[in-house]
Amino acid sequence: MSTYNLRRFAQPDALKNIKPESLIAFLKPHESYLSERNFTLAINGSGELEYEALAAILMDSNEKTPIPMIDALYCIQEMSSDDQFDNLHELAGSVNLTVEADCTPADLAIAIWLHDQELLKRSHAEVLAFTPKSFMYFQAKKKSKKKLLNPNVEKRQSMEKEMDEWFQQNKRGIGSRIFAFPVQEENKTYFLIRHGMPFKREGKIEEGKSGSIFYRPEFHDVVIYDNENDELAIFNKSQAKKERNMYLGLFGSHFFSDTDHFPNDDKYTLAPLIDKGADALACADIPGMEDVKLTEIQLQFRGPLNDRQTYRSKDFFASLAGRNRAFPNYGELVSASFAVKFEKADRPRTVKIRTPNIANFDRKEDSHLIETWLRKRGFVIEQETDEEHEHTATAHHAIEAAMA
């Protein structure tokens, strides 16, 4: 059976958290691969690496992409949160690593990795410092296949100009950029969107003196167009609804001449868990997936108080079988969490589905494989094709005429 390797790394913000010199030292063993991709490990006149070029290479992977490099970047990124600083500081002290005064969590994480990979891996496994990535999915009004989207320079510049107008009106500044990565084997196009956020002022301590810093944060969002299913998946870091709506209108108008091409209709159903039980978790037909367990469900009850009930277990169906219980048949099943074991992964990763159209991932790069599984198991409400839509419309018109 073929293996689906998750080689894509779409975290340019994580790269900028690391000192250029440390990042160069980390990438040095992979210099020949990067040179083949026309990237040079050198600091530019601004004292930085060419981060956007590097991010493009990591996003647009190929069969030569070093999997250990991608896995290492995930480990470093996932350990580079502020709440891990003390833990990282202790780890560095345990192996007598010098910690500079201006060291960030990312600098500490990569320094430990360069000194002793297993030390950081063990801490990573113990802490499980993962932040789920939430995609919202928007299916087309009617399913119609187009060619894999690969906008030319003029198209991207036109979209960037329109985005800049929106971002400036919403106090996020100008300078947005769109990077497109068509992925033939997935029949999708990944769009990495760089933009600014509202200005931020923070207090700082520099050389023992109190001060402040005023700057505009830089964000990177991910928009994925699924050519096979004619739908858009959006991960916007700010989670702002109006920003998502801007993306929906932008992609709809520029590629389909319809700002409402991707309406906010229902996508997911959790009915297979009720109808099929543990059989709904089968994954032997999905290359790259080893096992799926249901670990959490949430039931919602009608009424003014928004009552909810949550069940958690390492294996919910095994728990039900062991206690001779049936799947709960009360309330509305509104969310479910799964522990998904991928091939060659050290541990299961969490996937959470919330109706009507939200999916949370430990790593947003897992989305393609999980989406394939969800569709095959019946968790996705398939939209009508052009032909089905026309047939339904004709039938409705006939019924209306007969009733007139």
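Relevant structure appears above.
The structure presented is a predicted model; accordingly, all values stated were derived computationally and were not measured.

Asks: Account for helix H5 (residues 67-78), with residues named and values stated.
Replies: In a regular helix each residue adds 1.5 Å, so 12 residues correspond to 16 Å; H5 covers 17 Å between its end C-alpha atoms and thus fits that length. Looking only at H5, the buried set comprises Met 69, Ile 70, Ala 72, Leu 73, Tyr 74, Cys 75, Ile 76 and Glu 78.

Asks: Describe the nonpolar core, and please don't skip the residues or the numbers.
Replies: Ranked by internal contacts, the top residues of the largest apolar core, which has 44 residues, are Leu 273, Met 289, Leu 294, Phe 327, Phe 338 and Trp 373. Core analysis: the next-biggest nonpolar cluster, separate from the first, contains 38 residues, Leu 27, Met 69, Ala 106 and Ala 109 among them.

Asks: An account of the pattern of salt bridges is requested, with residue identities and associated values reported.
Replies: This model, assessed by the stated rule, comprises 23 salt bridges. We note a salt bridge from Asp 60 to Arg 37, for which the minimum N-O separation is 3.8 Å. In this pair, Asp 60 is assigned in the loop between helix H4 (51-59) and H5 and Arg 37 in the loop between helix H3 (31-36) and H4, connecting sequence segments 23 residues apart. Using a relative accessible area of 32% as the deciding quantity, one classes Asp 60 as partly exposed. Between Arg 172 and Glu 243 there is a salt bridge, with its nearest N and O atoms 3.9 Å apart. With Arg 172 in the loop between helix H9 (153-169) and strand S2 (177-183) and Glu 243 in helix H10 (residues 241-256), this pair connects stretches of sequence that are 71 residues apart. Each member of the pair, Arg 172 as well as Glu 243, carries the same accessibility label: buried. In this structure, a network of salt bridges that share partners links the residues Glu 231, Lys 267, Glu 371, Arg 375 and Glu 382.

Asks: Requested: an account of the sheet that holds strand S6 (residues 218-226), with residues and values cited.
Replies: What links the strands of a sheet is backbone hydrogen bonding, and the strands pair in either a parallel or an antiparallel sense. If you walk across this open sheet you meet the 10 strands as S2-S3-S6-S7-S1-S12-S11-S10-S8-S9, and the pairing is antiparallel. Every interior strand has two partners, whereas the edge strands, S2 and strand S9 (308-312), have only one. Averaged over neighbouring strand pairs, the angle between their axes works out to 20 degrees when direction is ignored.

Cut-offs used in this document
- Residues numbered from 1 in each chain as written.
- Predicted model: local features only at pLDDT ≥ 70, side-chain atom pairs only at ≥ 80, totals over all residues.
- Heavy atoms only, no water.
- Helix = DSSP H or I, 4+ residues; strand = E, 2+ residues; numbered from the N terminus.
- Expected span 1.5 Å × (residues − 1).
- Buried < 20%, exposed > 50% of the residue type's maximum accessible area, 1.4 Å probe, protein only.
- Core = buried A, V, L, I, M, F, W, Y, C linked by side-chain atoms within 4.5 Å.
- Salt bridge = Lys/Arg side-chain N within 4 Å of Asp/Glu carboxyl O.
- Pairing = 2+ DSSP bridges.
- Axes fitted to C-alpha atoms, helices over the stretch in contact; angles between N-to-C directions.

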